[in-house]
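Understanding the architecture of this molecule
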Amino acid sequence: MVPTQAVIVVDLQRAFVSGPDAVVGGAALAARVASLVSRATEAGALVVQLQNDGPPGAVDEPFTAGWELAVPGGVVVRKRTDDGFDGTPLAALLAERQVRRVMVCGVLSEMCVSATTRAALARGYEVVLPHDGHGTYDLEDIPAAVVARVAEHALGDEPSLVPSTADVSF
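Now for a description of the structure that goes with this document. (Residues numbered from 1 in each chain as written. Predicted model: local features only at pLDDT ≥ 70, side-chain atom pairs only at ≥ 80, totals over all residues. Heavy atoms only, no water.)

What to know about the nonpolar core
Counting residues in each nonpolar core, the largest one holds 23 residues, and the members touching the most others are L94, V102 and Y125. With five residues, the single largest contributor to this core is helix 4 (residues 109–122). When near neighbours in sequence (up to four residues on either side) are disregarded, V102 contacts A6, I8, L94, A120, Y125, E126, V127 and V128. Of all hydrophobic cores here, the second largest spans 22 residues; its members include V7, L12, L36 and V107. (Core = buried A, V, L, I, M, F, W, Y, C linked by side-chain atoms within 4.5 Å. Buried < 20%, exposed > 50% of the residue type's maximum accessible area, 1.4 Å probe, protein only. Helix = DSSP H or I, 4+ residues; strand = E, 2+ residues; numbered from the N terminus. Contact = heavy atoms within 4.5 Å.)

Laid out in structure tokens, this is it:
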């Protein structure tokens, strides 16, 4: 039996993919994730959009333009910490749908994507992480692409790393 699947889109909010606060390659990332969400929806997979509630004055402060989701679709789960499972109904939602395999994408690679991936692995989910499905910022003298790759490899050998969101199958 093929396990029920879900795409978890982590914090893909307007402030992080467009404008002056966007991650490197934010618009292209949003387009790739939109395609993945569309394919997941067509295949009958669950799509969950994690939406970070930033503090007052932050680019992702609730109910500001930057807080809005960049890609439409799916069930929205609001969160306040890096880990999308912490203090949210995400685990219950996945259990209710009998999900066993999740594809994780979004921002930031080394923070919320990593924390949510680790939490999914700790809960026994099969996790797929596409290389081009998550992004971040340049950090001082470290390019964003390097930060993202290091974040992937810091997760160990449990998640399945695939080259592209286009390689994710349902």
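Side note on the pairing of strand 1 (residues 4–10)
When you tally the buried positions in strand 1, you get six out of seven residues, the bulk of the element. Sheet topology note: the strand 1/strand 4 (residues 99–107) ladder contains seven bridges and is parallel. By the bridge assignment for strand 4, T4 is matched with V99. Judged from the five bridges that link them, strand 1 and strand 2 (residues 46–52) form a sheet pairing that is parallel. (Pairing = 2+ DSSP bridges.)

A closer look at the pattern of salt bridges
Considering all chains together, one arrives at six salt bridges under this definition. Residue D11 is joined to K79 by a salt bridge in which the shortest nitrogen-to-oxygen separation is 3.0 Å. With D11 in the loop between strand 1 and helix 1 (14–17) and K79 in strand 3 (residues 75–79), this pair connects stretches of sequence that are 68 residues apart. Pair check on accessibility: D11 and K79 agree, each one buried. As a salt-bridge pair, E126 and R101 come within 3.3 Å of each other at their nearest N and O atoms. Taken as a pair, E126 in strand 5 (residues 126–130) and R101 in strand 4 lie far apart in primary sequence, 25 residues in all. (Salt bridge = Lys/Arg side-chain N within 4 Å of Asp/Glu carboxyl O.)

Structural notes on helix 4
Buried within helix 4 are the following residues: S109, C112, V113, S114, T116, T117, A119, A120 and L121. Positive backbone phi, approximately 90 degrees, marks G124, located one or two places after helix 4.

Digging into the layout of surface pockets
Of the volumes computed, that of the largest pocket is approximately 230 Å³. As for the largest pocket, its lining consists of 14 residues, of which H131, H134, G135, A145 and A148 are closest to the centre. (1 Å grid on protein atoms, 1.4 Å probe; cavity = no way out; pocket = protein on both sides within 12 Å on 5 of 7 lines; lining within 4 Å. Points joined across faces, edges and corners; volume = space filled by probe spheres on them.)

As for the side chain of D53
Here D53 shows up in the loop between strand 2 and strand 3. Assessed through its relative accessible area of 8%, D53 is described here as buried. Side chain to side chain, D53 and R78 meet in a polar contact 3.0 Å long. (Polar contact = N/O pair within 3.5 Å; in protein donor to acceptor, adjacent residues only side chain to side chain.)

Regarding the state of the cysteines
Each disulfide consists of a covalent bond between the sulfur atoms of two cysteine residues. Applying the stated rule across the entire model yields zero disulfides. C112 provides the cysteine sulfur closest to C105, a residue in no disulfide bond, and the two sulfurs are 13 Å apart. Its relative accessible area of 0% is what places C105 among the buried residues. Residue classification places C112 among the buried residues on the basis of a relative accessible area of 8%. (Disulfide = S-S within 2.5 Å.)

Focus on the environment of E110
By the secondary structure assignment, E110 is in helix 4. Judged by its relative accessible area of 28%, E110 falls in the partly exposed class. Between the alpha carbons of E110 and V147 there is a distance of 7.1 Å; along the sequence they are 37 residues apart. Those residues in contact with E110, other than ones at most four positions away along the chain, are T136, L139, V147 and A151. A polar atom in the side chain of E110 sits 2.7 Å from the side chain of T136.

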